[in-house]
Amino acid sequence: MSPDRRTFLRLSALAGSAVAAEALAPSALGATLANYRGLPDAGTARRSLDLLILGGTGFTGPHQLRYAVARGHRVTVFNRGRTEADLPDGVEQLIGDRNQHEMGALEGRSWDAVIDNPTTLPFWVRDVGEVLHDTTDQYVFISTLSVYDVARLEHLDEESALLEYTEGDPLDVTPEIYQEEGGRLYGPMKAASEREAHRWFGDRTTIIRPGLIVGPGDPTDRFTYWPLRISRGGEILAPGRGNASIQIIDARDLAEWTIRMVENQTTGTFNATGPRSTLTMAGQLHGIRGALPGDLELSFTWVPADFLQEHSVRPWSHMPTWFGEDEVISRASIERAVAAGLTFRPLAATTTDLLAWFRSLPAERQAELGAGLAPAREREVLAAWAERTEAGT
Ligand SMILES: NC(=O)c1ccc[n+]([C@@H]2O[C@H](COP(=O)([O-])OP(=O)(O)OC[C@H]3O[C@@H](n4cnc5c(N)ncnc54)[C@H](OP(=O)(O)O)[C@@H]3O)[C@@H](O)[C@H]2O)c1
């Protein structure tokens, strides 16, 4: 495989979640999740469980809590108590700082299952293992698709247009590579944490590896940029030719499935992203448009990757969910997760609920988007592209 292709593949696998971890600043997460369509029909679990959710008050945790409580489980959360929490009635909150090894509140307690949301560092897993390895039936570690060392996929040949990685593919366990490339440790640290989880909990371990998580409560605004931008209408800058493949998962689909995995005592390792079938960049943008009012006037102007690069429009940060190329279709296989009951809301539901949630946030938060292109920059690039295409005709 050529070095360029390796680099691209590595970046595309990283982008799905490495940036996410860095961007999840607790201060950004406090907004209420009340103002969007709630749990359609959670149903009741066959057996009521005692669940410990480590974290619980950031992005995905609140969705787990709401679903677990609705399903009839008794839930305890454990965190530092710093992030503003809107805990459902009956949820117990225990306090401790995992960076300081403060696990005392968990000692002498037992739970049917532990879901560990915020952990990237192996010692956080070890600390939980030391206290709870004998007193829980299942430990769920929320990992990431960034654990894969996609450059080492042997089944991917140079000619192949499709990179599909599965749970058995090699993990990235070489932090040095990331130091050379700017110090990225997220994937290797998550991979090391997975190993630590197995060390303490053995075959009671469930590893869930999400891709980009989107929807109500997302503090990073990555996917959010597109519903917001499209809802403003007008001429919209869109990246590439539209045929890049996209994988995202609604935080509620991930959270609710995580709770069902615990109810079913399903262990093992699972990629967790979506949608069920291939989604292209064009499919994503038109799908979002389809969820918005019919009289909205807009057009998409698809601008090639090299022109965007010339104008310093960066994949991912300026053009969220896009990796910068059209040709390579990079996918995590989700067959195992689907077989284990992962389901997917329609893109339209994610879009409308996300917009309802975002518009309920304080005005100053709404004014400060964490991703995407500022309107003035977008106009500039569109004008430059119009000039280029006119000159070329
Ligand atoms: N976002 C994505 O696109 C994406 C993609 C792939 C994988 N992931 C992974 O998905 C997980 C998402 O986590 P989440 O933020 O949604 O989880 P969460 O459970 O909703 O929130 C994070 C929690 O961690 C607590 N916390 C932070 N530092 C702590 C500390 N030192 N000690 C104890 N508690 C602490 C926070 O509360 P306090 O501040 O009160 O302590 C908060 O409750 C992460 O593992 C991430 O790597 C994310």
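What counts, and at which threshold
- Residues numbered from 1 in each chain as written.
- Predicted model: local features only at pLDDT ≥ 70, side-chain atom pairs only at ≥ 80, totals over all residues.
- Helix = DSSP H or I, 4+ residues; strand = E, 2+ residues; numbered from the N terminus.
- Buried ≥ 20, exposed ≤ 12 C-beta atoms within 10 Å, placed from the backbone.
- Contact = placed C-beta atoms within 7 Å.
- Expected span 1.5 Å × (residues − 1).
- Axes fitted to C-alpha atoms, helices over the stretch in contact; angles between N-to-C directions.
- Parallel < 35°, antiparallel > 145°, perpendicular 65-115°, else oblique.
- Nonpolar A, V, L, I, M, F, W, Y, C, P; charged D, E, K, R; others polar.
- Pairing = 2+ DSSP bridges.
- Core = buried A, V, L, I, M, F, W, Y, C linked by C-beta atoms within 7 Å.
- pLDDT = per-residue confidence, 0-100.
- Right-handed = clockwise from strand over helix to strand, strands pointing away.

Chemist: Tell me about the overall build of the protein chain, residues and numbers included.
Modeler: Helix and strand content of the protein chain: 14 helices and 14 strands. Per-residue burial for the protein chain yields a buried fraction of 46% across its 393 residues. When contacts within the protein chain are restricted to residue pairs at least 6 apart in sequence, those whose partners lie at least 24 apart make up 82%.

Chemist: Lay out helix H6 (residues 186–201) with the relevant residues and their values.
Modeler: An ideal rise of 1.5 Å per residue puts 22 Å on 16 residues; H6 measures up with 22 Å between its terminal C-alpha atoms. Counting buried positions along H6 yields twelve of 16 residues, so the element is predominantly enclosed. All of the buried residues in H6 are Tyr 186, Gly 187, Pro 188, Met 189, Lys 190, Ala 191, Ala 192, Ser 193, Glu 194, Glu 196, Ala 197 and Phe 201. Within two residues after H6, Gly 202 carries a phi angle of roughly 50 degrees, on the positive side.

Chemist: I'd like to hear about the packing of helix H7 (residues 225–232) against helix H12 (residues 347–358), residue by residue, with values.
Modeler: Packing of H7 against H12 leaves a shortest axis separation of 10 Å and a crossing angle of 85 degrees. It follows from the interaxial angle that H7 and H12 lie roughly perpendicular. Two secondary-structure elements touch here, H7 through Pro 227, Leu 228 and Ser 231 and H12 through Thr 351, Leu 354, Leu 355 and Phe 358. Class assignment for the residues of the contact of H7 with H12 results in five nonpolar, two polar and no charged.

Chemist: So what's going on with the environment of Arg 229? Which residues, and what values?
Modeler: Tracing the chain through its elements places Arg 229 in helix H7. The spacing of Arg 229 and Arg 289 is 60 residues in sequence and 10.0 Å in space, taken between C-alpha atoms. In contact with Arg 229, not counting residues within four places along its chain, are Ile 236 and Gly 372.

Chemist: With reference to specific residues and values, describe the sheet that holds strand S1 (residues 50–54).
Modeler: One open sheet holds the seven strands; their spatial order is S3-S2-S1-S4-S5-S7-S11, and the pairing between them is parallel. In the strand order of this sheet, the two ends are held by strand S3 (92–95) and strand S11 (268–272), each with one partner. The sheet shows a mean angle of 20 degrees between the axes of neighbouring strands, direction not considered. Two elements, strand S2 (residues 74–79) and S3, share four bridges in a ladder whose sense is parallel.

Chemist: Talk me through the sheet that holds strand S8 (residues 212–214); I want residue IDs and the actual numbers.
Modeler: Pairing is mixed across the open sheet formed by three strands, whose spatial order is S8-S10-S12. Each end of this open sheet is capped by a strand with a single partner; those strands are S8 and strand S12 (274–280). With direction set aside, neighbouring strand axes in the sheet form an average angle of 45 degrees. In the sheet, strand S10 (residues 245–250) pairs with S12 via three bridges, with the strands oriented antiparallel. Bridged to Ile 248 within S12 is Gly 274.

Chemist: If you had to explain unusual backbone geometry to someone new, which residues and values would you point to?
Modeler: Here the amide bond leading from Gly 274 into Pro 275 is cis, since omega sits at -5 degrees, within 30 degrees of zero. Of note, Pro 275 is situated in strand S12. Positive phi outside glycine occurs at Trp 316, with the angle close to 70 degrees. As for its placement among the helices and strands, Trp 316 is situated in the loop between helix H10 (305–310) and strand S14 (329–332).

Chemist: Requested: an account of the nonpolar core, with residues and values cited.
Modeler: Side chains of nonpolar character tend, in soluble globular proteins, to be buried together. By size, the foremost hydrophobic cluster in this structure holds 83 residues, and its most contacted members are Leu 51, Val 114 and Val 140. Top element by residues in this core is helix H8 (residues 251–263). It accounts for seven residues. Sequence-distant contacts of Val 114, that is, excluding residues within four places in its chain, are made with Leu 52, Leu 54, Val 128, Leu 132, Thr 136, Tyr 139 and Val 140.

Chemist: Describe the environment of Asp 86, with residues and values.
Modeler: Mapped onto the elements, Asp 86 comes out in the loop between S2 and S3. Its 13 C-beta neighbours within 10 Å are what place Asp 86 among the partly exposed residues. Separated by 24 residues in the primary sequence, Asp 86 and Pro 62 have C-alpha atoms spaced 8.2 Å apart.

Chemist: Break down the confidence of the model for the protein chain for me, citing the residues and quoting the values.
Modeler: Mean pLDDT over the protein chain: 88, with 83% of residues reaching 70 or higher. A low-confidence stretch, residues 1–8 (pLDDT under 50), is modelled with six contacts involving residues beyond four sequence positions or located in other chains. Segment residues 13–32: pLDDT under 50, and 49 contacts once partners within four positions in sequence are set aside and those in other chains are kept.

Chemist: Before we move on, could you go through the pairing of strand S5 (residues 136–142) and cite the residues and values that matter?
Modeler: Counting buried positions along S5 gives six out of seven residues, so the element sits mostly inside the fold. With five bridges joining them, strand S4 (residues 111–116) and S5 adopt parallel strand pairing. Looking at the pairing, Val 114 lines up with Tyr 139 of S5. Since S4 and S5 lie parallel, the crossover through helix H4 (residues 122–132) that links them has a hand, and here it is right-handed. As paired strands, S5 and strand S7 (residues 205–210) are joined by four bridges and run parallel to one another. From the neighbouring strand, Tyr 139 faces S7, where its bridge partner is Thr 205.

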